[in-house]
Amino acid sequence: MTAASLPSSKPGGLKRLVERHPFLPALVIAIVLLALNGLYQPRSVSFAGITGLTKTYLALMMLAIAQTYVVYAGDIDLSAGAIVSLVNVVIVVTMEKLGGSGFSVVAALGIGLFVGLACGIINGIVVAALRLQAIVATFATSIFFTGLALYVMPVAGTPAPAAFWRTYGGRFFEIPFVYFAVALLAIVLYVLARTRLATQLLAVGDDAQAAYQSGLPVTKTRVQGYALCGLFAALAAFCITGDTASGDPLVGGKMTLFSVAAVVLGGSALSGGFGTVVGSIIGALIIGLINSLVFFVGTPSEWQNLVQGLAILVALMAGILVGRRARA
Amino acid sequence: MTAATQTPAAAPSPVLTFLKQPLVVALTLIAALLLLGEALSPGFASGQQILRLLIVAALLGIVAAGQNLVILGGREGIDLSVGGVVSLSAIIGGNLMNGADSGILPAILGCIAAGAVIGLFNGLGVTLLRIPPLVMTLGMLGVLQGLLVVIRNGIPSGRAAPGLSQFVTQPFLFGLPGIIWLWVAIGLLMAFMLGRTVFGHRIYAIGSNEQAAFMAGVPVKRTRIALFMLSGAFAAVAGMCLIGYSGSSFANVGEQYMLPSIIAVVFGGTPLSGGKGGYTGTMAGAVLLVVLQSILTTVHIDESGRQMVFGATLLILMLFYGRGRAMRA
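Residues numbered from 1 in each chain as written. Chains lettered and ligands numbered in written order. Predicted model: local features only at pLDDT ≥ 70, side-chain atom pairs only at ≥ 80, totals over all residues. Heavy atoms only, no water.

1. Points about the overall build of chain B
Our working definition: Here a strand is any run of E in DSSP of at least two residues, a helix any run of H or I of at least four, and the numbering for each starts at the N terminus. Here the globule rule is a power law, 2.2 Å times the number of residues to the power 0.38, and the radius of gyration is based on C-alpha atoms. Each residue's exposure class comes from its accessible area (1.4 Å probe, protein chains only) as a fraction of the maximum for that residue type: buried when under 20%, exposed when over 50%, partly exposed otherwise. In what follows, a contact means two residues having at least one pair of non-hydrogen atoms within 4.5 Å. Throughout, the Shrake-Rupley method with a 1.4 Å probe supplies accessible areas, and for residues the shown protein chains are the sole cover considered. The convention is simple: Lys and Arg are positive, Asp and Glu are negative, and His and the chain ends are not counted. Here the site of a charge means NZ on Lys, CZ on Arg, CG on Asp, or CD on Glu.
When you go through chain B residue by residue, the secondary structure sums to 15 helices and 2 strands. Computed over its C-alpha atoms, the radius of gyration of chain B comes to 20 Å, within 12% of the 20 Å expected for a compact globule of 329 residues. Projected onto the principal axes, the alpha-carbon positions of chain B cover approximately 70 × 55 × 40 Å. Within chain B, the fraction of its 329 residues that count as buried is 51%. Look at the contacts in chain B between residues 6 or more apart in sequence, and 75% of them connect residues 24 or more apart. Per element, the accessible surface of chain B, about 14,200 Å² overall, is 68% carbon and sulfur. Of the charged side chains in chain B, 16 are positive and 8 negative, and the gap between their average positions amounts to 14 Å.

What follows is the structure in structure tokens.
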């Protein structure tokens, strides 16, 4: 708006577009990566290839969504991965104890959602109500949650019942299950984006003091952000359980920092008040596409991690620079 | 607090002010934990045992020195790449020494140079490209972890020189190992730098109000780049000491220092918002963390219980330190 008043910098169409849809740079990066994937391995952009990619990275997408709601309010959740681990072992153990039937799966998923919600609320209370610093406080809760996960399942390896992972990897009416999950996710996100909570979270992240003075329940809103994060972390755990078909008390640990990276790649500001969930999903997809591209171009195995790391760093920097130019 | 507010002068009692200092809080907690440890398992607070704790704390404390500087510099300063630098330094140092005392000096120089260069990249990204430190150092961590895989596949992990191992683990002067003297020296150096030098004052200036510091002629960017380089260098020194402590490096040895180094800084009374605090408290914070971990390894509980108690205790301890301000209309 202010830019419009200056004579020389009349915002161009592209710039205004990026301003309105901050995930556009990420979308461009993702499409380029997808094209490169197709160039080096034509089969990767086939229906089966895309399905496989979605199946593998749906968990990271869910966790990136989880992280986004917390980042909206200017907070961060370093325990997101630990919640994934905890929910993963809880549902696998529940399904095993209840016999692995269809009912046991539903019951386990219900319990899993509850556990994720509870973890999120604990984080919210610790960070928003007790006013501890989010980075260190959620690191402390992540240790606690990891401890709980180890208590539920001391060593990795308990298999999930076939009823569960066959569904996740299977097809309904010739359409892979993951696409139903994606469609449902899209509806949920669409509804969530139109709730008061999303706006309130962004308002708190933009300027907590101003939000408070205009009568928003700042503490409650932040707790709700963390609660939502816990719920989506539980969904991420469902996906990862469907993908790996087993329980592992440490499975989510490495995902935390990737979820933060995905949020940043998607054009959201870590300082809060600005961002989109769609961007974070694309961010998670970018990480997945980088990983597969590095593999497809034939990078020697010992160099793969380095090239991935460099590519993600460059993408992070590019995303921030482009996003800032658009907003400046 | 309530007693103080009743007096119209509103001057909190000097005793209370003293007791609320982070350093005093940390030292009191350390003493309490040592007593608790001694009660749980006799011999916990013996001289030998305390010495061992101090060596472990020194490793964490040296990493935390750099972390402390970056955090003091404000603008959400944080360095998530320290863990990667520690691992990298351990493997570079191990190979440059390869078990020979003559290799110690080149190893130290090589490691510090590598750490400083990584810090330089972090600093350039944060200042010139204005990438948030959390994002920049997170990306750098990914790069370093990849670099470690490459190095590890190409060359063996290397061995510490006997001289270095001796320096870290054996009595060096007045019965204390060299690493503790090194840590004390770093502590004095940090106190001098932060309190008496222009550079130190600049750190506090950019940490508390970057705009004002810039107006007053502080070279903000150069100072911040220097902070990240120092952070890399300190992490590299810690990596060298770590390989002296363990003999050889193994995969991702440094990872265990990433977030604990931040917690040590917070326990030392430096808020993550920067601009105030210092290193003396951080040293106490590092000892506090290590004593706490050590108590949990002495009592006989499962790994799961240990982690739960550790996480919960960290949260409770955090309540003693700078909590955010409540919202006021």
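Once the structure has been displayed, the description carries forward.
2. Examining the confidence of the model for chain B
Our working rule: In predicted models, pLDDT denotes the confidence assigned by the predictor to each residue on a 0 to 100 scale.
Summing up the model confidence of chain B, the mean pLDDT is 83 and the portion of residues at 70 or higher is 90%. The low-confidence segment residues 1–8 of chain B (pLDDT under 50) makes 4 contacts with residues lying over four places distant or belonging to another chain.

3. Some points on the pattern of salt bridges
All names here are of chain B. Where we set the bar: In what follows, salt bridge is the name for a side-chain nitrogen of Lys or Arg lying within 4 Å of a carboxyl oxygen of Asp or Glu.
In total, this model carries 6 salt bridges over all chains according to the counting rule given. A salt bridge links E303 to R306, with the nearest nitrogen and oxygen atoms 3.1 Å apart. Here E303 pairs with R306, and both are found in helix α15 (residues 303–318), just 3 residues apart, close to one helical turn. Three or more residues joined by partner-sharing salt bridges are found here, namely R75, E210 and R224.

4. Topic: the packing of aromatic side chains
Residue and element names in this part refer to chain A. Rules: Ring pairs shown here join Phe, Tyr and Trp side chains whose ring centres sit within 6.5 Å, with only the six-membered ring taken for Trp; geometry is labelled stacked below 30 degrees between planes, edge-to-face above 60, and tilted in between. Counting as a charge over the ring demands two things of the Lys NZ or Arg CZ atom: a distance within 6 Å of the ring centre and an angle within 35 degrees of the ring normal.
Overall, the coordinates contain 8 aromatic pairs over all chains when judged by the stated rule. Clustering of aromatic rings is evident, with ring pairs tying together Y168, F172, F177 and F180. Over the aromatic face of Y190 sits the side chain of R194, whose NZ or CZ is 4.0 Å from the ring centroid.

5. What about the environment of V291 of chain B?
Residues and elements named next belong to chain B. Within the secondary structure, V291 is located in helix α14 (residues 279–298). Residues V291 and G195, 96 residues apart in the sequence, show an inter-C-alpha distance of 28 Å. Not counting residues within four places of it along the chain, the set of residues in contact with V291 comprises I30, L33, L34, F44 and L53.

6. Examining the interface of chain B and chain A
We apply this condition: By convention, the term buried area covers the 1.4 Å-probe accessible surface removed from two parts as they join, with the contributions of both added. Pairing of N or O atoms within 3.5 Å defines a polar contact, subject to two protein rules: one partner must be a possible hydrogen donor and the other a possible acceptor, and residues neighboring in sequence count only if both atoms are side-chain atoms. In this count, Pro and Cys sit with the nonpolar residues alongside Ala, Val, Leu, Ile, Met, Phe, Trp and Tyr, while Asp, Glu, Lys and Arg are called charged and the others, Gly among them, polar.
If you look at the interface, chain B gives 49 residues, while chain A gives 45 residues. Taken together, the two surfaces of chain B and chain A that pack against each other cover about 4,000 Å², and 78% of this comes from carbon and sulfur. At the boundary of chain B and chain A, one finds 1 salt bridge. For K254 of chain A, the salt bridge is made with E255 of chain B, and the minimal N-O distance between the two is 3.9 Å. At the boundary of chain B and chain A, one finds 1 residue pair in polar contact (both at pLDDT 80 or more). Only α7 (133–154), α13 (258–267) and α15 of chain B provide two or more residues apiece to the side of chain B that touches chain A. Per-element tally for the side of chain B that touches chain A: the top contributor is α7 of chain B, with 14 residues. Each residue belonging to the side of chain B that touches chain A can be placed in one class, and the counts come to 32 nonpolar, 10 polar and 7 charged.

7. Some remarks on the packing of helix α4 (residues 47–72) of chain A against helix α12 (residues 218–244) of chain A
Residues and elements named next belong to chain A. Under the convention used in this document: A fitted line through C-alpha atoms serves as each axis, taken over the contacting stretch for helices, and the angle formed by two N-to-C directions is quoted from 0 to 180°. Roughly parallel refers to an angle under 35 degrees, roughly antiparallel to one over 145, roughly perpendicular to one between 65 and 115, and oblique to any angle outside these ranges.
Direction vectors running N to C along α4 and α12 enclose 175 degrees, while the axes themselves pass 8 Å from each other. The angle between α4 and α12 places the two elements in the roughly antiparallel class. Residues K55, T56, L58, A59, M62, L63, I65, A66, Q67, Y69 and V70 of α4 touch α12, and the partners they reach there are G225, Y226, L228, C229, F232, A233, L235, A236, C239, I240 and D243. The class makeup of the residues in the contact of α4 with α12 is 17 nonpolar, 3 polar and 2 charged.

8. A few points about helix α3 (residues 22–40) of chain B
Since the α-helix advances by 3.6 residues per turn, residues separated by three or four positions end up pointing in the same direction. Keep this limit in mind: For a helix, the expected span equals 1.5 Å multiplied by the number of residues minus one.
Its 19 residues place the ends of α3 of chain B 26 Å apart at the C-alpha level, agreeing with the 27 Å of an ideal helix rising 1.5 Å per residue. Every buried residue of α3 of chain B is accounted for by V24, V25, A26, L29, I30, L33, L34 and G37 of chain B.

9. Describing the packing of helix α4 (residues 47–72) of chain B against helix α9 (residues 178–196) of chain B
Residue and element names in this part refer to chain B. Put simply, the rule reads: For a crossing to be left-handed, the near helix must be turned anticlockwise from the far one by less than a right angle; the clockwise case is right-handed.
At their nearest, the axes of α4 and α9 sit 9 Å apart, and the two run at 25 degrees to each other. With respect to α9, the element α4 is oriented roughly parallel. Considering how the two elements wind past one another, α4 and α9 form a crossing that is left-handed. Of α9, the residues touching α4 (which contributes L51, L54, I55, A57, A58, L59, G61, I62, A65, L69 and L72) are I179, I180, L182, W183, I186, M190, M193 and L194. Split into classes, the residues belonging to the contact of α4 with α9 amount to 18 nonpolar, 1 polar and no charged.

10. So, the environment of G175 of chain B
Along the chain, G175 of chain B turns up in the loop between β1 (171–173) and β2 (176–177). Note: C-alpha distance between G175 of chain B and L51 of chain B (124 residues apart in sequence) is 9.7 Å.

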